[in-house]
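Residue-level structural notes
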Amino acid sequence: MAGRAQPVRGGTVEPMIEAHELTKCYGSTRAVDGLSFTVRPGLVTGFLGPNGAGKSTTLRLILGLDAPTAGTATVGGRPFRDRRRGLRDAGALLDASAVPAGRSAAAHLTALGRGNGLRAARVDAVLEEVGLAGVARKRVGGFSLGMKQRLGIAAALLGDPAVLIFDEPVNGLDPEGIRWVRGLFRGLAAEGRTVLVSSHLMSEMENTADHLIVIGRGRLIADTPVAAFVERGARPRVAVRTPSAAALTAALTVAGGSVTSGRDGLLEVTGLTAAGVGDLALAHGIAVHELAPRRASLEDAFMELTADSVDYLAGDLS
Amino acid sequence: MTSVRTAARPLDLVAAEWIKLRSLRSTYLVLLTGVAAAFAIGLLVCNADAGQWTHVRPGQPSPVDPMADSFVGFSVAQLLFAATGVLALTGEYSSGLIRTTFAAVPARRAVLAAKAAVVSAVTLAVGLVTALASFLAGQAILSRQHLGISLSHPGAERAVMAAALYLVAVALLGMGLGALIRSAAGALAAVVVLLFLAPSFLHGTSQWVIDIANVLPSNAIRRLASLQAWPHAPSITQAIVVIVVYPLVALAAAAYVIHRRDA
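Residues numbered from 1 in each chain as written. Chains lettered and ligands numbered in written order. Predicted model: local features only at pLDDT ≥ 70, side-chain atom pairs only at ≥ 80, totals over all residues.

Quick notes on the pairing of strand β1 (residues 17-26) of chain A
Residues and elements named next belong to chain A. Summarising the sheet, β1 and strand β4 (residues 70-75) pair through 5 bridges and their orientation is antiparallel. If you follow H20 over to β4, its bridge partner there is T72. As paired strands, β1 and strand β2 (residues 29-39) are joined by 7 bridges and run antiparallel to one another. Looking at the pairing, I17 lines up with V39 of β2. What sits between the antiparallel neighbours β1 and β2 is a turn of 2 residues, in which G27 has the positive phi angle 65 degrees. (Pairing = 2+ DSSP bridges. Helix = DSSP H or I, 4+ residues; strand = E, 2+ residues; numbered from the N terminus.)

Some words on helix α5 (residues 97-104) of chain B
Within α5(B), 8 of the 8 residues are buried, leaving the element largely enclosed by the surrounding structure. Where α5(B) is buried, its residues contact α2 (86-89), β5 (90-93), α3 (105-115) and α5 (145-157) of chain A together with α4 (74-95) and α6 (108-143) of chain B. (Buried ≥ 20, exposed ≤ 12 C-beta atoms within 10 Å, placed from the backbone. Contact = placed C-beta atoms within 7 Å.)

So, unusual backbone geometry
The phi torsion at E21(A) lies on the positive side, around 50 degrees, for a residue other than glycine. Its place among the elements puts E21(A) in strand β1.

So, the sheet that holds strand β3 (residues 44-48) of chain A
Residue and element names in this part refer to chain A. Pairing is mixed across the open sheet formed by 6 strands, whose spatial order is β5-β6-β7-β3-β8-β9. One side of each edge strand has no neighbouring strand; the edge strands of this open sheet are β5 and β9 (219-225). On average, each strand axis in the sheet is tilted by 15 degrees relative to the strand beside it, whichever way the strands run. Docked against the sheet, α5 engages β5 and β6 (163-167), running at close to 170 degrees with respect to β5. (Axes fitted to C-alpha atoms, helices over the stretch in contact; angles between N-to-C directions.)

Have a look at this one:
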């Protein structure tokens, strides 16, 4: 990534993405509903929410593709619609399948770059960077989804922008590709760029993001560092194994815990700490064979926080 | 460490659109089909007339309109030139690429203008060759029976120029409709109805039929490409105005809408 731009253009305005009371209505549906957040440089910010939460709409509002019903979205302090050459300010991968099937990868990127006054050498550089140099002259229509993702990422990198936006960039990538893209995002953030990555898969963000913005039904649910999100979101759990499951369950319930029992006398307790469970067992003279606090995964925290805002919940329809 | 930045110029956008247009096979396919249709149909019609009027002597008034004969194929060619304009925009809408384009260049009207410039230049160049070749080849065939005219005949040069400009006009009209309708099928249907079907429905001598027919682009070009006017035909000036106004109105509406609508 040598030769990339200074992260801060002109030294005055930070390349932040800011949304203020951002609202977008389609008819009576509020796809985005009073969203306010700031995406800062130097971090990978995960933009999370269930399907239909309004993530893609928000990204289009940020890039000036759609006009907000109310509120504002700015990049580097200005609405994006005012830009003359967008690629140099913000690179975006919005939809990997939105490519010109009949054009070669090189022709597609050359046209994009040329419109922003970028030199043709940049095209070779980004194609090399995303690993598509070997198929530069091939028609994009024959690309796999993973290759199209790489092409979309190449387009986002083309203008060497201080702000990068990726909408579901991991879809279709193979495990090697996923590892590569994580490294790429971290590298871009380390260079001081603002990196916003949307996903509906919490587990994806756990390994990539430093900061999370979580939305559901168009509203902000959380805007927090990843670690804080896990703590806040999921109640801590304790696993305890005992030969006297019934007796311990009764004792734990009385003490205010809630217990679910698994196989071989394994109980899962919420509402009590591991120390509390151990002390209680000792007080009742119940043997404990195993006692461990279970760290909640990001996935659990996410499910818990967004449970109320999931639009399409699989369930029993009978 | 070479800089990736150079000065921003409208010419960059024109260059970008030129790369887009020439890097798609469909561009060549559609335009070449248009050229072939104009040329081949004109030749067939001229050949048929030359075969029918075998006893015309030099200096005798021509029983056919030799100029109109050689441009008959433009009624088909116009659809393919219009399709070139339509596809220049709707191709990006149907693939979703338009969002990539407008995120890269948020000044959407500048993109539209650059596309219009490139489509104009390409269709003008191809259109001039098509018009000239259709005219010269057609007249060569007709001249075997002393029916043909030369390029120096009054109105002939104007007809060739008008035929070429007409192809540019319909391409820009197609592009404007493509921007408004955002679907290739919809915009092409509109083009076919306006340029191809409407004139065949408007036959008669009622004043309102004549009034409508005279503001149709296809009648305007028919007038400019004919040696003789037919009853109630539009004037030369009126015909030129009609041909110019359609693409201007379509592009103006497109420029208005493209800026306001969500991409």
